[in-house]
Amino acid sequence: MDSKHNVAGMRWLWNVLSLKSRFGFNSHLERGHRWDPAEFHLTGVRFVERMIERFDEYGRVEASRAQLLEIGCGVGRFMRPLACRFKHVTGIDISRVMLSRARRYCAGLPNITTVLNDGASIPLPDNSVDYCVSAGVFQHITDGAVVVNYIREALRVLAPGGLFLFQFEGNRTAAIGHNQTGARISAMLLDTGLVGTAYRIREISLDPKDAIRCVVIVLEKPLTGSEVAAAERSFSTWPMSERRWLSGVYDDVQTRTQMHARQAQAPMKLTFYED
Ligand SMILES: C[S@@+](CC[C@H](N)C(=O)[O-])C[C@H]1O[C@@H](n2cnc3c(N)ncnc32)[C@H](O)[C@@H]1O
């Protein structure tokens, strides 16, 4: 990757952020609050339910027989519930501290592997996983080219017919981000960045009750030899649907997170369709 991709800086940042609390930088807390561990676990279970809903709808491989990869797994909040459903779960992350916490959080589960990566690529062979997920990660990446590279990499490691579900906050405004505030991810960035890569869009959705404007995208790696029409690969013109993501995850959680405060504010502007 080019010079805008400061791996050492990103690694340092996420190691430091993960040292701030036992559960890392996950839905960071309002001042004076601590995560109730059961509630933290429950938020992971709920997000994983939303992922599995989509995989049941679009996927071809039974979860109990499937290999799943998570990009930016953090302390393993999703890996733990995912490992109860999928045959094997691999979590990659740029932060060694996050990964060591993930191993502790997922202790006792025999079907989990964690891998430290370089912050932009996926150290797995081509066609080796059935499902890939990444949630709450791309919105923190300061260079859109890195996000595009991750999408290309996910499509490389997926087996034909495999699915990549990724979620990010579609509210960023700057072309280049700063610290943990990522660059804007736009339909145009994805359309231009993914030219020459084979994929089919299965879903672009927004939760109508979510003030933060989390966007969920599901891509399919086409079966070998299958044609993909131009309309099925255009992020700019694909119809965005309304579907739950964040709503219901934090609503009854007593641990006060910044998610609660942000959801109570006026809806942020959706910048995904801006050039
Ligand atoms: C806010 S946490 C989310 C963790 C997890 N997905 C969750 O929601 O519980 C963001 C995670 O992404 C990781 N991360 C940030 N930039 C990354 C990059 N370029 N490559 C891989 N991981 C990255 C961080 O180390 C951190 O673990």
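The structure this text deals with has already been given above.
This section reports on the structure supplied with the text. Given the structure is predicted, the values throughout are model-derived calculations rather than measurements. (Residues numbered from 1 in each chain as written. Predicted model: local features only at pLDDT ≥ 70, side-chain atom pairs only at ≥ 80, totals over all residues. Heavy atoms only, no water.)

**A closer look at the overall build of the chain**
- Helix and strand counts for the chain come out as 7 helices and 8 strands.
- Scaling as 2.2 N^0.38, a compact globule of 275 residues should have a C-alpha radius of gyration of about 19 Å, and the chain matches this with 17 Å.
- Out of the 275 residues belonging to the chain, those deemed buried represent 55%.
- Counting contacts in the chain only where the partners sit at least 6 residues apart, residues at least 24 apart contribute 78% of the total.
- Of the roughly 12100 Å² of accessible surface on the chain, 52% is carried by carbon and sulfur atoms. (Helix = DSSP H or I, 4+ residues; strand = E, 2+ residues; numbered from the N terminus. Rg over C-alpha atoms; globule rule 2.2 N^0.38 Å. Buried < 20%, exposed > 50% of the residue type's maximum accessible area, 1.4 Å probe, protein only. Contact = heavy atoms within 4.5 Å. Areas by Shrake-Rupley, 256 points an atom, 1.4 Å probe, with all protein chains shown as cover.)

**Points about the sheet that holds strand β4 (residues 129-135)**
- If you trace the 8 strands from one edge of the open sheet to the other, you get β3-β2-β1-β4-β5-β7-β6-β8, paired in mixed fashion. Both edges of this open sheet fall to β3 (112-116) and β8 (241-242), since each of them pairs with a single strand only.
- Relative to β3, strand β2 (residues 88-93) runs parallel, the two being bridged by 5 bridges. When the sheet's bridge partners are listed, T90 is paired in β3 with T113.
- Contacting β1 (67-71), β4, β5 (158-169) and β7 (214-220), helix α5 (residues 144-157) runs over the sheet at an angle of about 150° to β5. (Pairing = 2+ DSSP bridges. Axes fitted to C-alpha atoms, helices over the stretch in contact; angles between N-to-C directions.)

**Structural notes on the pairing of β2**
- Counting buried positions along β2 yields 6 of 6 residues, so the element is predominantly enclosed.
- Covered by surrounding structure in β2 are H88, T90 and I92 together with V89, G91 and D93, the residues of both alternating faces.
- Remark: the β2/helix α4 (residues 96-105)/β3 crossover connection has right-handed handedness. (Right-handed = clockwise from strand over helix to strand, strands pointing away.)

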